[in-house]
Amino acid sequence: MSSVITRRRFFRYCQLTAAALGLDAAGLGLLRKALANPNAPTVVWLQGSSCTGCSISLLNLISDRIGEPASVEAVAAEAVNLVFHPTLMATAGEDAVASLLEAQKAGGYVLVVEGAVPLAFGGRACIAYSWRGREVTFQEVVQECAARAAKIVSVGTCAAFGGIPAAGANPTQAVGVQTLTGRPVINVSGCPANPDWVVWVIVQLLLGKTIQLDENSRPIALYAAKFDGSSAPAILHDKCPRNPGLHGVPIARQFGEDGHCLEQLGCRGPFTRARCEAAWNGIAGAVPPQPHAAHWCIGVNAPCHGCVEKEFPGPKSFYEPYSG
Amino acid sequence: MPVLTAAIDPVTRIEGHLKVEVKVETVRGVQQVVDAFATGTLFRGFEKILEQRDPRDATILTSRICGVCPTSHAMASVLVLDQVCGVGGDTPARTASRLLRNLVHGACYLESHILHFYFLSLPDYVSALPVAPWLPGWRAGNRLDSATASRLRDHFRTAIAMRRNAHEMGAIFGGRLPHTPAFIPGGFTAVASAEQRDLFSKYLEELIQFIGNVYIPDVELVASVFDEYLLLGRGYGNLLAFGAFELDNSESPALLFRQGRRRNDSDEAEPLDLSQITEQVRYSWYADADDDLNPAVGETRPENPKGKAYSWLKAPRYSGVPYECGPLARMIVNGDYRGGVSVMDRHRARAQEALKLALAMRDWLSELPLNTGAYTPCTVPVQGTAVGLTEAPRGALGHWLAVQERKIARYQVVTPTCWTISPRDSQGQRGPLEEALIGIPVDNIDQPIEVLRVIHSVDPCLDCATHVIRAEAGRKVFTLGPMPGK
């Protein structure tokens, strides 16, 4: 890994002093390719019927743990070769598509999919790009990219299970990536997906480790373990600090009551498996006064909506007691 | 001279799926855009997904329309639900609710504006970071000396942290961002403590410093080096704002960003009459029977393929006229911005608005009642209708709700991107972005970065609103793939 960083720092030096070295953008591009470390896997990040929230969530990444990327910059600079990401990439149009097609041709990349795949209107509810004048549907792109990927990671509940686009009457016949492709997929569900969970999966793939999955193809280590890796109750309610049975916390009868159990207000914690507790928008597990103390929904008296589950959002009211 | 066509698909560094086609011709010795078509390429049908649900669920579901402005949708939906449920009164709970909503919504504004300038726009002017996905990029020219470019790159790195911190700040009361569950009909779930307030303040003061000392100067620098963009990308010059950030608990509260519109031929902001808003669908993939309806009675019946339609976006018009919305519209309607309408004016107004809002957030934080529940009990009526208007970071946002038998009978969402990126309307008038592209000089047809600069200046969010725009038959120079059934 150190050689990756050294090479990339060298490249950064060249980039910063490009004028002095007489390098233009094209020259720098060639240099970057020459310096690309074979150990840095190519990652292709596709967005379909999504809200971009999982990408935004990835940008919220922060870590102070040794050996982990500390921010999204470190992910891109030191961990992976993120050749295609529509929200972030500098290039556009056919040049952007060319990066994708080049990766596709080489094969063996990690395919990350954000968003569901709509099948209605012959797939035309979502066009991924145009190539040589032809509009290519997201459905086609996912199928083609999945066929040549080393690993497929569905980021967020839409890509994993269909999510909100597939709710109700499912007006666009949206499906998750596994349903579409029939291939093995690692589902990192959540609406949005937690950035630590996404990067955890990438790190495991970098290390060549096998990821144990639950019956919904989610990593057991992410949805049923503590942050130190030891096992924990899978059900959120069973580890909730507001669990009345375990901690004697009163049950809230209406909103605005601070610190109470939210089960009567529609909390789906008893039916949700995740390690959400103090894991959002900060350093997972850090609590005040630690810097970047993390947060979670229940911490602000908001019921869990079960957004990591296959059943999310489902037809039932979020405001009535939930029975699965 | 030959007419060339460039299609940018995907337009990257936006939210969602957008394709823009431009026709380029040499006129009076300058190669420039002579026609433009903006095409939103995603349809999710949120309005359909919401039908027959518990109306209170609208907040949770519509937040997921957009990962960049989730709290704006949450805000529009709690406003519409408060109204339909009759939530009102001047109570401590209402004050706490109003301020907590404003603070978390405000945090998302700061996040979005910083994201927009550094992540989405800056790579149009200077290469951001020397790794994929920021390399390779289209040639941005060499106008910035290497020291300046390197300083901007450092600021880009700082912006990565600042954008993230803005979300961390919002999550103190919001629990999580994007997609906070804390906005509820009747109020807000969090009960603020002194410790939370102080932590929020710490983040906010750092952001105020960043906006004032780094973000605004960076925008000014780019605007001065690329000063031709103070004259480019004007478009129609019609500006519209629904208004946002309530300042009191009354039924018609004062707003930090006032409501109004300004026509291109006037210096005065005029009031809005919502009944003048209609959505036109001749060029959109929705049933023609739904053309020119006010959102209160609007329908969303997808029809693809359909005649000349080329977009999943409807074309909202005010009295039949296209309007642009966003920070520049807000700042001009408010009398806070004296410049013109152009690519760089949009960036400047956005940056200045970030500071204005951040300073208002400082006041709201000092007014925030501590240890006070922010919820007013409310129930959904058997039937009712209401409108919830607010502003997303990229412009005017409205949710229209009709309740029957305590369920959602109709939900219509009109987003800022529908206004700004709209396709041609039923009269054939271009959408505001399409119009803004006319006359833009294009140096290299293979990498029309000038077009990208105009597109990014309006901060498109196609997750919120997706239209596809297709040229009229016979005027097309660029052949799209065959539509199914055609």
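In what follows, the structure referred to is the one given above.
Rules used in this analysis
Positions within a chain are numbered from 1, following the residues in the order the chain's sequence is written. Chains and ligands are labelled by the order in which they are written, letters from A for the one and numbers from 1 for the other. It should be noted that, the model being predicted, local features are given only for residues of pLDDT at least 70 and side-chain atom pairs only at 80 or more, the latter also being counted only at that level, while totals for whole chains, interfaces and linings use all residues. Water and hydrogen atoms play no part in the side-chain values, which are based on all heavy atoms of the structure. Just to be clear on terms, a salt bridge is a Lys or Arg side-chain nitrogen sitting within 4 Å of an Asp or Glu carboxyl oxygen. Here a strand is any run of E in DSSP of at least two residues, a helix any run of H or I of at least four, and the numbering for each starts at the N terminus. Exposure categories follow from relative accessible area, calculated using a 1.4 Å probe and restricted to protein chains: below 20% of the type maximum is buried, above 50% is exposed, and the middle band is partly exposed. We treat two strands as partners when DSSP finds at least two bridges between them. In this analysis, axes come from line fits to C-alpha atoms, helices being fitted only over the stretch in contact, and the angle between any two N-to-C directions falls in the range 0 to 180 degrees. By definition in these notes, contact holds between two residues if any of their heavy atoms fall within 4.5 Å. Angle categories are assigned with fixed cut-offs, so that under 35 degrees is roughly parallel, over 145 is roughly antiparallel, 65 to 115 is roughly perpendicular, and the rest are oblique. Each residue gets one of three labels, nonpolar for Ala, Val, Leu, Ile, Met, Phe, Trp, Tyr, Cys and Pro, charged for Asp, Glu, Lys and Arg, and polar for the others, Gly among them. Accessible surface is computed with a 1.4 Å probe, and the buried area is the amount of it that two parts give up when combined, taken over both parts together. Residues adjacent in sequence count toward polar contacts only when both atoms are side-chain atoms; beyond that, a polar contact is any pair of N or O atoms within 3.5 Å, and within protein one must be able to donate a hydrogen and the other to accept it. Two aromatic rings, drawn from Phe, Tyr or Trp (for Trp, its six-membered ring), form a pair once their centres lie within 6.5 Å of each other, and the interplanar angle then sorts them: stacked below 30 degrees, edge-to-face above 60, tilted otherwise. Either the NZ atom of lysine or the CZ atom of arginine qualifies as a charge over a ring when it sits within 6 Å of the ring centre and within 35 degrees of the ring normal.

## Quick notes on the pattern of salt bridges
Residues and elements named next belong to chain B. The tally for this structure, following the rule as stated, stands at 37 salt bridges over all chains. Glu434 is paired through a salt bridge with Arg424; the nearest N and O atoms lie 3.1 Å apart. Residue Glu434 is located in helix H10 (residues 432-437), and its partner Arg424 is located in the loop between helix H9 (416-420) and H10; the two are separated by ten residues in the primary sequence. With relative accessibility at 3%, the residue Arg424 sits in the buried group. Because the salt bridges share partners, they merge into one network encompassing Asp35, Arg424, Arg430, Glu434 and Glu435.

## Re the sheet that holds strand E3 (residues 30-40) of chain B
Residue and element names in this part refer to chain B. Sheet architecture is open: three strands sit in the order E1-E2-E3, paired in antiparallel fashion. Of all strands in the sheet, those with a lone pairing partner are strand E1 (4-8) and E3, marking the two edges. Direction aside, neighbouring strands of the sheet carry axes that sit 20° apart on average. Along the sheet, helix H11 (residues 449-457) makes contact with E1, strand E2 (18-27) and E3, crossing E2 at roughly 130°.

## Thoughts on the packing of helix H3 (residues 70-85) of chain B against helix H4 (residues 92-121) of chain B
Residues and elements named next belong to chain B. Remark: H3 packs on H4, axes separated minimally by 9 Å, with the N-to-C direction vectors making an angle of 155°. Taken together, the axes of H3 and H4 are roughly antiparallel relative to one another. Residue-level inspection shows Thr71, Ser72, Met75, Val78, Leu79 and Asp82 of H3 in contact with H4, the latter providing Arg94, Arg101, Asn102, Val104, His105, Cys108 and Tyr109. The residue makeup of the contact of H3 with H4, split by class, is six nonpolar, four polar and three charged.

## Brief notes about the interface of chain B and chain A
At the interface, 91 residues of chain B touch 83 residues of chain A. Buried area between chain B and chain A, both sides added, is near 7,600 Å², and the carbon and sulfur share of it is 60%. Among the residues chain B hides against chain A, the three largest losses belong to Pro133(B), Arg164(B) and Arg176(B). Together they make up 8% of the total. Summed over the shared surface of chain B and chain A, the result is 39 residue pairs in polar contact (both at pLDDT 80 or more). Taken together, the elements giving at least two residues each to the side of chain B that touches chain A come down to helix H1 (46-50), helix H2 (57-63), H4, helix H5 (146-174) and helix H6 (194-225) of chain B. A breakdown of the residues in the side of chain B that touches chain A according to their chemical character gives 48 nonpolar, 21 polar and 22 charged.

## Things to note about the packing of aromatic side chains
Considering all chains together, one arrives at 29 aromatic pairs over all chains under this definition. Ring geometry for Phe183(B) versus Phe188(B): centroids 5.2 Å apart, planes at 70°, classification edge-to-face. Take Phe188(B): its relative accessible area is 0%, and that puts it in the buried class. A connected cluster of aromatic rings, assembled from ring pairs, spans Phe121(A), Phe43(B), Trp285(B), Tyr286(B) and Trp312(B). The ring of Tyr223(A) carries Arg218(A) above its face, with NZ or CZ at 4.3 Å from the centroid.

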